[in-house]
Amino acid sequence: MKAFSQRISSFGETVFATFSRMAKELGAVNLGQGFPDFPPPDFALKALSNAVQGYQQYAPLFGMPELMSTLAQSYSPRFQRDLNPSHILITVGATEALFASIQALIDIGDEVILLEPFYDAYPADVIMAGGIPRYVPLRPDESGQWQLDLEELTKAFNHKTKAIILNSPHNPSGKVFSAQELDAIVNLAESYDAYIISDEVYERIAFKPHISIASRPGAWERTLTISSVGKTFSVTGWKIGWLIAPELIVKNVCKAHQWVPFVVATPLQQPAPK
């Protein structure tokens, strides 16, 4: 048989599948895969039960209107702008939003800056799009707080930089990026005309106030904010995520999204805004 594609040749099993399998085999506490340790709220389970009795056919391509409207209302104050459903795409969890976004943005040879440590899908997504990951490490200071070296970050940007992936609140360190750090990232992205892909799935599980980078001056036009219902409500198995961005970006990410899942599970979208 002919060889499999080069783009997957360097991939092993995701560490999260490995951690979960080993934890089960050894009877260990699973500190790898992101399962919240609290049960889903009763209202979420009741809403899901009701949804099973409702409409069961394909959802609209961009998502169920009620969920999109709820997200627009929820994020408008945080982003300090009036959002509407045209700014939103519903995806199969945040994972698919990341994949579709990178497919829509990255061409062969484009560089994407990743802050280490990182969710292991980031470099895989970049490589599958033909891009080149460039790594900038976070380092703990004397007090154990993880810090971003802005000089090192500045050196990573160049004319090939197409995007930077930000994860705040950060997995696995728990770091919440400050307004000053976010503004520095925005300034660099503006200088090199790069996109900002902001993974914010832990936005409601943080020990200090979380700031969405899309709310910072100059950020909205180039920022793709990604989150999901899974972590917040302990329903990771639902795989209901979303992308929030300017309409032009959403439409182009949807061009990739439509060939991955096409649409997202209808009954699981319906209880999400309840």
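For the structure itself, look to the data block above.
The sections below set out a description of the structure shown in this document. (Residues numbered from 1 in each chain as written. Predicted model: local features only at pLDDT ≥ 70, side-chain atom pairs only at ≥ 80, totals over all residues. Heavy atoms only, no water.)

**Points about the sheet that holds strand β5 (residues 161–167)**
- Strand order in the open sheet formed by eight strands is β1-β8-β7-β6-β5-β2-β3-β4, with mixed pairing between adjacent strands. Two strands lie at the open edges of the sheet, namely β1 (88–92) and β4 (146–148), each paired on one side alone. Each adjacent strand pair in this sheet contributes to an overall mean axis angle of 25 degrees, direction not counted.
- Judged from the five bridges that link them, β5 and strand β6 (residues 195–199) form a sheet pairing that is parallel. Bridging across to β6, L166 finds its partner in S198.
- Packing against the sheet, helix α4 (residues 93–105) makes contact with β1, β5, β6, β7 (223–228) and β8 (240–244), and its axis sits at approximately 160 degrees to β7. (Pairing = 2+ DSSP bridges. Helix = DSSP H or I, 4+ residues; strand = E, 2+ residues; numbered from the N terminus. Axes fitted to C-alpha atoms, helices over the stretch in contact; angles between N-to-C directions. Contact = heavy atoms within 4.5 Å.)

**A few points about the packing of α4 against helix α5 (residues 121–128)**
- α5 packs onto α4 with a crossing angle of 35 degrees between their chain directions and a minimal axis gap of 9 Å. Crossing hand, α4 versus α5: right-handed. Residue-level inspection shows L98, F99, I102 and Q103 of α4 in contact with α5, the latter providing Y122, D125, V126 and M128.
- Residues belonging to the contact of α4 with α5 are distributed by class as follows: six nonpolar, one polar and one charged. (Left-handed = near helix turned anticlockwise from the far one by under 90°. Nonpolar A, V, L, I, M, F, W, Y, C, P; charged D, E, K, R; others polar.)

**Quick notes on the pattern of salt bridges**
- Evaluated as defined, the whole model comprises ten salt bridges.
- Between D110 and K162 there is a salt bridge, and its shortest N-O distance comes to 3.3 Å. Remark: K162 occurs in strand β5 and D110 occurs in the loop between α4 and β2 (111–116); sequence separation between them is 52 residues.
- Residues R222 and D193 are paired through a salt bridge, measuring 3.4 Å at the closest nitrogen-oxygen approach. You can see R222 sitting in the loop between β6 and β7 and its partner D193 sitting in the loop between α7 (179–191) and β6, a full 29 residues away along the chain.
- Three or more residues joined by partner-sharing salt bridges are found here, namely E13, R21 and E25. (Salt bridge = Lys/Arg side-chain N within 4 Å of Asp/Glu carboxyl O.)

**Observations concerning the pairing of β5**
- A large share of β5 lies buried, amounting to six of its seven residues.
- Between β5 and its parallel partner β6, the chain crosses via α7, and the hand of that crossover is right-handed. (Buried < 20%, exposed > 50% of the residue type's maximum accessible area, 1.4 Å probe, protein only. Right-handed = clockwise from strand over helix to strand, strands pointing away.)

**With respect to the packing of α4 against helix α9 (residues 247–257)**
- In contact at an axis separation of 8 Å, α4 and α9 are set at 105 degrees when each is read in the N-to-C sense. Judged by the angle between their axes, α4 and α9 are roughly perpendicular. Residue-level inspection shows E96, A100, S101, Q103 and A104 of α4 in contact with α9, the latter providing N252, V253, A256 and H257.
- Looking at the contact of α4 with α9 residue by residue, the classes come out as four nonpolar, four polar and one charged. (Parallel < 35°, antiparallel > 145°, perpendicular 65-115°, else oblique.)

**A closer look at the side chain of E96**
- Within the element layout of this structure, E96 appears in helix α4.
- Within the buried core, E96 has no salt-bridge partner, and the shortest N-O distance to an opposite charge, that of K239, equals 8.9 Å.
- Here V92 takes part through its backbone nitrogen, which lies 2.9 Å from a polar atom of the side chain of E96.
- Among the polar contacts made by the side chain of E96, one reaches the side chain of H257 at a distance of 2.9 Å.
- Not counting the four nearest positions on each side in its chain, E96 is found in contact with T91, H257, V260 and P261. (Lys, Arg positive; Asp, Glu negative; His and termini not counted. Polar contact = N/O pair within 3.5 Å; in protein donor to acceptor, adjacent residues only side chain to side chain.)

**Here's the deal with helix α2 (residues 42–52)**
- For α2, the full list of buried residues reads A44, A47 and A51. Within α2, the buried residues cover an arc of 65 degrees as seen down the axis, which keeps them to one side. Turned more than 90 degrees away from the buried face of α2, the exposed residues are D42 and K46.
- The secondary structure elements touched by the buried residues of α2 are α10 (266–269). (Arc of directions from axis to C-beta.)

**Quick notes on unusual backbone geometry**
- In this model, E116 is joined to P117 through a cis peptide bond whose omega is -5 degrees.
- Going from N171 to P172, the amide bond is cis rather than trans, its omega being 20 degrees.
- One can find P172 in the loop between β5 and α7.
- Although it is not a glycine, Q80 sits at a positive phi angle of roughly 60 degrees.
- Q80 gets classed as exposed once you look at its relative accessible area, which sits at 63%.

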